[in-house]
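Spelled out, the chains give:
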Amino acid sequence: MKAIRRFTVRPVLPEPLRPLSDLARNLRWSWHTETRELFQAADPEGWRPADADPVRLLGAVSATRLAELAGDQPFLRRLTEVSEDLREYLGGPRWYQNQLSQGAELPAAIAYFSPEFGVTAALPQYSGGLGILAGDHLKAASDLGVPLIGVGLLYRHGYFRQSLSRDGWQQEHYPVLDPNELPLTLLREADGTPSRVVLALPGGRSLYASVWQAQVGRVPLLLLDSDVEENAPGERDVTDRLYGGGSDHRLLQEMLLGIGGVRAVRTYCRLTGHAAPEVFHTNEGHAGFLGLERIRELSETGLDFDAALEVVRAGTVFTTHTPVPAGIDRFERQLVARHFGDDGELPGVGVERILRLGMETYPGGEPDLFNMAVMGLRLAQRANGVSTLHGAVSREMFSGLWPGFDPSEVPITSVTNGVHAPTWVAPEVLRLGAGTFGSERTENALAGAEVGRRTGADGAAGTPRRWDAVTAVADREIWDLRRGLREQLVTEVRKRLYASWRRRGAGTAELGWIDGVLDPDVLTIGFARRVPSYKRLTLMLHDRDRLRELLLHPTHPIQIVVAGKAHPADDGGKRLVQELVRFSDDPRVRHRIVFLPDYGMGMAQKLYPGCDVWLNNPLRPLEACGTSGMKAALNGCLNLSVRDGWWDEWYEPDFGWAIPTADGSATDEERRDELEANALYELIEDRVASRFYDRNAQDLPERWIEMVRRTLITLGPKVLAGRMVREYVERLYAPAARSRRALDPKAAGELAAWKAKVRAAWPQVAVDHVEASADTVVGGSAELGSTLALRVRIALGGLDPEDVEVQVVAGRVDSGDAIAEAQTFPLKPAGGHDLEDRWLYEGPLALDRTGPYGYTVRVLPAHRLLASGAELGLVAVPNAATRDGGGVLLR
């Protein structure tokens, strides 16, 4: 029989145990070893059935056991120590507060919006890398004391749970999540009633949402939930599941995330006294509507749309995560228009103004679609990709928004992702570090909390000294640790594989073979991630006979553990999963290769440490960053990867292998896959496996161990989320806060008016004439070290010289006269203007490079409040009639 009503019965903790409730409700336990061990000690038998979730554990522990613990003095002493540690963590000054005390200009608070957050398996609100990155961002911000407020949606069904049919086809399951059984607290008004945010919908309807709060260390995470009584059935389902439903459903989710999210932040700050955010960070385009809500807020203070837009842009950071246009949310213009204006959200704001923000106004763009990433870029003065290579790809992909500029000048920078080491490093690795270097030093190093770092020869931050201490760890200790982690993975794999086969319908009598799956002494390769086609889950199957030879090699065998989910609507991805599963079901190799369904954080935390090699073989350059390899590296696992994402940036042969790519030599995907698969097989056979099994007299693989050591010393400090968040603070958040503070209502209005004036005048801005000193260039050549004296005549179209910057752009040129590795030099006004409003500019150009060399001249808008000369997307360059043949050959 089914219950007619469901509710949660909470345990009543004895007074001495009351601090357990606070510890369970702060998700710091998800990365704090001592807190997890305390809860495990509270009920060792119930810890695994509760999936290592303290909230579930406390809900299931018996009253008898609670009474025992209330009188257990050693346990109570541990409880006091852990509680005091949390209090100190929450209230003491950290890196951010130290920066403020030293005079740094930093924002009072930052709001960080993301459609998904992977903080812990106990709060399943993520699908893959974007959510895990967002969760790690919050945790690292907490460790560093950054005053962040996270904002997302609470999905009652999460993403989905994955299982397999008997023939290996992915099946999806959507368990119902009860917020009262999760580590969440309902945000309430002073009178105790639940707080609500409300959005206006077409036809006079409304969308209501409650706000649940998760506490991620020092960082509050606000999750909006539409499953409330005030909503009609259709509106209650808006937050039913992550990345589900059609366009209308997704649009409502993104409106609730962006517009409702800003309203939730205002409510939270009003109720708690938290500082109001000065900077808003949009993690991918899903939350882009937050900029429109902030424009609406400012409009109510008297600012017009254009001035409010400038204020919003100044304080907004936009991060793009996709290197392919197909990964961006785009909606029909008519659908967006229907939800705004006088019959929807933001009444009084012209719908056309809103639609123009998302228009694809560039060659190849579709005018009838509203592009969320384009809107995100137009509403943010600062934008970034998530690795150096991805930054370059993003500048190319969005270059149409800045016509006239080379992709290298598009104002999108990059901050390479990082991972939260305390979450992803195995406890055994932590214990080795604590035993060797001390627990406090180890924790600070893994959190990226150190301030002083060595400086390399190039002036960049080098390896923190404490990471160098890994050189003191004996080879035997490292190898025994790696072997122990591999053995743990073998045990975990067998347990999960057995459960998977039982769900596939197998009987106990036919599963005896699972006891022989994997071997703790065999080279173990891991591959786990989402399953879109570009990640090439099945590249390893390209030559199945050759793969079998590698798996079954008599002296140098390998074994492979694979996991990953295909999107529920992606039948192509599901076919890839089925292909891999069917190969791994083959009795000849099933003891050497396994597919584990339902990949998630809990599995990942076992998988990364237990693998010797982490495999990544996407189609380059379609992997924006690829942080799974970072997590593996922090556990001493070596990377074997295509040079894409972060691996392109930091790869060195000292600590891993780069799979050669056939980008330039293969004209079709099938041929490219063949070439790259063959390169992968050769690498594994000739270099990876041979090094793993190359042992000295003590049966230790010395060269392999040295690669593990170099991975930890060199990659360790680079891949940390603490490093990433510090970069966001210093390079993006702090400048955004300064820009926002500079725009009071008067300054904002003046800037908006100036931009309007410049845009109106720009069609008349032109480079009329360029000439250079004739005696420097003789016969098309000039000597290195000589200087060209340039004189340029500019038409400003009624603008003043202070409205523009006139530049020389110079560098080496190719056969088509395109300038590479360009440098820019300003020219200065030389006197007034003539009757035709032409202005003369002059300046020197030092010829400091040999070989084919050239220059051009351009005019850009200039204003002290612009973050970049390319910000307006306006540039004037010489036409064919004004060029003076500026190419020279230096000798």
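Because the structure is predicted, anything quoted here is derived from the model rather than measured. (Residues numbered from 1 in each chain as written. Predicted model: local features only at pLDDT ≥ 70, side-chain atom pairs only at ≥ 80, totals over all residues. Heavy atoms only, no water.)

**Some words on the overall build of the protein**
Part 1 of the reasoning: A tally of helices and strands in the protein yields 30 helices and 28 strands.
Part 2 of the reasoning: In terms of principal-axis extent, the alpha carbons of the protein reach across some 95 × 70 × 55 Å.
Part 3 of the reasoning: Buried residues in the protein amount to 57% of all 891 residues.
Part 4 of the reasoning: Pairs at least 24 residues apart make up 73% of the contacts formed inside the protein by residues separated by at least 6 positions.
Part 5 of the reasoning: Just so you have it, the protein exposes about 35,700 Å², and 49% of that area is on carbon and sulfur atoms. (Helix = DSSP H or I, 4+ residues; strand = E, 2+ residues; numbered from the N terminus. Buried < 20%, exposed > 50% of the residue type's maximum accessible area, 1.4 Å probe, protein only. Contact = heavy atoms within 4.5 Å. Areas by Shrake-Rupley, 256 points an atom, 1.4 Å probe, with all protein chains shown as cover.)

**A short note on the packing of aromatic side chains**
Part 1 of the reasoning: Applying the stated criterion across every chain, the model contains 19 aromatic pairs.
Part 2 of the reasoning: Centre to centre, the rings of F160 and Y174 are 6.3 Å apart; their planes meet at 55°, and the pair counts as tilted. Of the two residues, F160 sits in the loop between strand 2 (148-153) and strand 3 (161-164) while Y174 sits in the loop between strand 4 (170-173) and strand 5 (185-186), which places them 14 residues apart along the sequence.
Part 3 of the reasoning: Accessibility expressed as a relative area gives 3% for F160, which makes it buried. (Phe/Tyr/Trp six-rings, centres within 6.5 Å; stacked < 30°, edge-to-face > 60°.)

**Considerations on the nonpolar core**
Part 1 of the reasoning: Ranked by internal contacts, the top residues of the largest apolar core, which has 96 residues, are F113, F289, F340, W762, L845 and V859.
Part 2 of the reasoning: In terms of residues, this core owes the most to one element, helix 10 (residues 247-272), which gives eleven residues.
Part 3 of the reasoning: Setting aside residues up to four positions removed in sequence, F340 forms contacts with M255, I259, F289, L292, E345, L346, V351 and I354.
Part 4 of the reasoning: Ranked by size, the runner-up nonpolar core spans 66 residues in total, among them L17, L144, L184 and V216. (Core = buried A, V, L, I, M, F, W, Y, C linked by side-chain atoms within 4.5 Å.)

**Observations regarding the pairing of strand 25 (residues 819-833)**
For a regular strand, side chains alternate in direction, first toward one face of the sheet and then toward the other.
Part 1 of the reasoning: Taken together, the seven bridges between strand 24 (residues 804-813) and strand 25 define a ladder with antiparallel strand orientation. Directly across from Q807, in strand 25, lies its bridge partner P826.
Part 2 of the reasoning: Summarising the sheet, strand 25 and strand 26 (residues 838-846) pair through three bridges and their orientation is antiparallel. The residue of strand 26 that forms the bridge with P829 is Y841. (Pairing = 2+ DSSP bridges.)

**Structural notes on the side chain of N231**
Part 1 of the reasoning: One can find N231 in the loop between strand 8 (219-225) and helix 9 (233-236).
Part 2 of the reasoning: Of note is the side chain of N231, whose polar atom sits 2.7 Å from the backbone oxygen of Y208.
Part 3 of the reasoning: At a separation of 2.7 Å, a polar atom in the side chain of N231 contacts the main-chain carbonyl oxygen of S226.
Part 4 of the reasoning: Ignoring anything within four residues of it in the chain, the contact list for N231 reads S206, L207, Y208, S226 and R236. (Polar contact = N/O pair within 3.5 Å; in protein donor to acceptor, adjacent residues only side chain to side chain.)

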